[in-house]
Amino acid sequence: MLRRKRWGNAFCDPRSESHVKSVHHDQDAIKARVVCHAACNGELYSRPFIESFEETPMLLAVLTYMSYGILTIFGYLRDFMREWKIEKCHTAREREEQKDFVPLYQDFENFYTRNIYMRIRDSWNRPICSVPGATFDLVECSSNDYNWTFEYTGRVVKDVINLGSYNYLGFAENTGACATAAGEVTVKFGVGVASTRQEMGNLDRHEELEKLAASFLGVESAMVFGMGFATNSMNIPALVGKGCLILSDELNHASLVLGARLSSSTIRVFKHNNMQSLEKLLRDAIVHGQPRTHRPWKKILILMEGIYSMEGSIIRLPEVIALKKKYKAYLYLDEAHSIGALGLNGRGVVEYFGLDPKDVDVMMGTFTKSFSAAGGYVGGRKDLIDYLRTHSHSAIYATTMSLPVVEQILTSMKCIMGKDGTTIGLSRIQRLAENTVYFRRRLQEMGFIIYGNNDSPVVPMMLYMPAKLGAFGREMLKRNIGVVGVGFPATPIIESRARFCISAAHTKEMLDRALDVISEVGDLLHLKYSRHKVLPSLDRPFDETTYEENEE
């Protein structure tokens, strides 16, 4: 079954007359097994919310498990041969004098890395030698020991189409206003600040950036940090602690997970983007309170992302805010992938849904994607930001953000906001939206299984089998297309995928070239798994899709 959801209001009663009529109408019109939820009213959603997660075909799931089973058997066999010196061991090993100690690595991830990942490692870890824009130059390398080590041939692969970088708005450039401004600041101020913000590292450019970020986000105040990962992992412990409850989406980023664990708070996980699961945890938290004492929780903090980088799904923010208000909880929103990439003016998932930024208690994001820089930010009420300035470890102990990076962010943000006197920023946002819808629709028409929301520039294409994960990356690179393959432990073990990241810098010709190659490689490797083929239509709106049951 294809779990395809089109929601106007997720709180509508599925037994309502409008819902039944809508489902029957869709079934009669498109003759497909589609789960549709019609809008009962427009209170929560002002636009269609369409996401699809086609179920893995049973035969494919069985074959994938069999593949990993065979690889596991041979992995243990190879480990046995290494133990008895029959096969040369390339892995890091414990010292002889420490042989009686518990080994540092004894979990399955290490076994997987040693016996499976190493066999296809040539699909990753390839250095580039140019700007990671719409195209890039790649350093060619080869291996004579099955990817344990690599040797550089000295040859450069030119003009590889880049479908892997988070360069959503195309600001990763070495020419133009951003590069020029960053170069001038480098000459004037140098590269490093060599101090923390609270000592000698607070410059006027940092203050200007924080004011501009607050204006861009529509919040009272904002604070910037030199590292995006540390923005989450170091600030969450400053906001919650013992006696607090964190409700975390099961697919949250590692930085959110680490921050939650470092906070000493109680952590409970709800199903990905599932509002029924979240509401049940909220209700239980209010009714039962803390374990043993049953005292009320000091704080209840909901951790979620704007766009999930492995699933391509978008948070159901209107519903989350409704639940947050209903149960008097706090919301921490990570917009690493959504800021700049969603909304008419690039202001992220809050603008995408037409909501008030004040309804989100902590607005976090990074400058590493849409702004093509480094670092992160936290936005919210002024008293919240003032508290973080004196209590966040990342603010107190970390070195200040480099000035060339600050200038890159300032220039690109002003471009997005139109403060540079041009419409370049708005045109890039519009081009990204068009490229995203076009690329996703074409892949679905070809018969690939695509995850996520129609408006998400992160496009996961399911590969499943580990051998096809490596083969897909190799075959694409042979045809001058650079892609990113993602497998365990970043995804569930049977849900390996290729993850495409669409950019405003991609031209239609580039996307068509990439799509032709993807289709060719898909036929070669038999990757067109979808049983619900999309019928091509030139005159339909981008947000409407027609399905035809694939008899194969």
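Residues numbered from 1 in each chain as written. Predicted model: local features only at pLDDT ≥ 70, side-chain atom pairs only at ≥ 80, totals over all residues. Heavy atoms only, no water.

A. Focus on the overall build of the chain. The helix and strand tally for the chain stands at 16 helices and 18 strands. Of the accessible surface of the chain, which amounts to about 26,100 Å², a share of 55% is contributed by carbon and sulfur atoms. (Helix = DSSP H or I, 4+ residues; strand = E, 2+ residues; numbered from the N terminus. Areas by Shrake-Rupley, 256 points an atom, 1.4 Å probe, with all protein chains shown as cover.)

B. Region of the structure containing the sheet that holds strand β4 (residues 151-162). Reading across the sheet, the three strands line up as β3-β4-β14 and stay open at both edges, with mixed pairing between neighbours. Strand pairing shows two members of the sheet lacking a second neighbour, β3 (135-142) and β14 (481-482), which therefore form its edges. In this sheet, β4 lies alongside β3 in antiparallel orientation, the contact comprising six bridges. The partner of S142 across the bridge, within β4, is E151. (Pairing = 2+ DSSP bridges.)

C. The arrangement of the pattern of salt bridges in detail. For the structure on display, the rule yields 29 salt bridges. One salt bridge connects E140 with R155, and the closest N-O pair in it is separated by 2.7 Å. With E140 in strand β3 and R155 in strand β4, this pair connects stretches of sequence that are 15 residues apart. Connected via shared salt-bridge partners are R78, D79, R82, E87 and R114. (Salt bridge = Lys/Arg side-chain N within 4 Å of Asp/Glu carboxyl O.)

D. Main features of the confidence of the model for the chain. Of all residues in the chain, 88% have pLDDT values of 70 or greater, and the mean over the chain is 88. Here residues 1-42 is modelled with pLDDT under 50, and outside its nearest four sequence neighbours on either side it reaches 89 contacts, counting other chains as well. Taken together, the stretch residues 538-552 has pLDDT below 50 and engages in 38 contacts with residues farther than four places along the chain or on a different chain. (pLDDT = per-residue confidence, 0-100. Contact = heavy atoms within 4.5 Å.)

E. Structural detail: the side chain of N273. If you trace the backbone, N273 turns up in the loop between β7 (266-270) and α8 (275-288). On the accessibility criterion, N273 (6% relative accessible area) is buried. (Buried < 20%, exposed > 50% of the residue type's maximum accessible area, 1.4 Å probe, protein only.)

F. Looking closely at the packing of helix α14 (residues 424-446) against helix α16 (residues 508-525). Where α14 contacts α16, the two axes come as close as 11 Å, and the packing angle between them is 20 degrees. In terms of orientation, α14 lies roughly parallel with respect to α16. Relative to α16, α14 is oriented so that their crossing is right-handed. Across the interface between the two elements, N435, Y438, F439, R442, L443 and M446 from α14 touch K508, L511, D512, L515, D516, I518 and S519 from α16. When its residues are assigned to classes, the contact of α14 with α16 shows seven nonpolar, two polar and four charged. (Axes fitted to C-alpha atoms, helices over the stretch in contact; angles between N-to-C directions. Parallel < 35°, antiparallel > 145°, perpendicular 65-115°, else oblique. Left-handed = near helix turned anticlockwise from the far one by under 90°. Nonpolar A, V, L, I, M, F, W, Y, C, P; charged D, E, K, R; others polar.)

G. Quick look at the nonpolar core. F439, L443, M461, F472 and F500 are the most contacted members of the largest nonpolar core, which has 103 residues in total. Core analysis: the second largest hydrophobic core is formed by 20 residues, F225, C244, L256 and I385 among them. (Core = buried A, V, L, I, M, F, W, Y, C linked by side-chain atoms within 4.5 Å.)

H. Representation of the side chain of R442 within the structure. Along the chain, the position of R442 falls in helix α14. The buried category is assigned to R442, whose relative accessible area is 19%. Those residues in contact with R442 that sit more than four places away from it in its chain are D512, L515 and D516.

I. Spatial organisation of a nonpolar patch on the surface. Judged by side-chain polarity, I70, I73, F74, L77, F80, W84 and I86 come together as a nonpolar surface patch covering roughly 810 Å² of accessible area. With respect to the helices and strands, the residue W84 is situated in the loop between α2 (58-83) and α3 (108-115). (Patch = residues over 30% accessible without salt bridge, like charges linked within 9 Å, V, L, I, M, F, W, Y side chains within 5 Å.)

J. Just the pairing of strand β2 (residues 49-54), in detail. The element β2 is largely enclosed, with a buried count of six among its six residues. Burial along β2 is two-sided: the residues F49, E51 and F53 and I50, S52 and E54 are all buried. Sheet topology places β2 next to strand β12 (residues 452-453); two bridges connect them, and they run antiparallel. Following the sheet pairing, S52 is matched in β12 by G452.

K. Examining helix α9 (residues 317-326) more closely. Where burial is concerned, most of α9 is hidden: seven out of the 10 residues are buried. Among the residues of α9, those classed as buried are L317, P318, E319, V320, I321, L323 and K324. Just beyond α9, the residue with positive phi is K328, at close to 55 degrees.

L. Geometry of the environment of C89. Tracing the sequence through the fold places C89 in the loop between α2 and α3. A relative accessible area of 22% places C89 in the partly exposed class. Separated by 11 residues in the primary sequence, C89 and R78 place their C-alpha atoms 9.4 Å from one another.

M. Inspection of the UniProt feature "transmembrane region" (unreviewed entry) in the chain at higher detail. The positions that UniProt labels "transmembrane region" (unreviewed entry) are, in the present scheme, residues 58-77. Between the first and last C-alpha atoms of residues 58-77 the distance is 29 Å; the span itself is 100% helix and 0% strand. (UniProt positions renumbered as here; feature names shortened; annotations may be inferred.)

N. Looking closely at the sheet that holds strand β11 (residues 376-380). Taken together, the seven strands give an open sheet; going across it, the order is β5-β11-β10-β9-β8-β6-β7, and neighbouring strands pair in mixed fashion. In this open sheet, the two edge strands, each paired with only one partner strand, are β5 (221-225) and β7. Neighbour to neighbour, the strand axes of the sheet diverge by 20 degrees on average, direction disregarded. The pairing of β5 with β11 spans five bridges and is classified as antiparallel. Looking across to β11, one finds that M223 is bridged to V378. This element, α9, spans β8 (300-305) and β9 (330-334) of the sheet and lies at about 155 degrees to β9.

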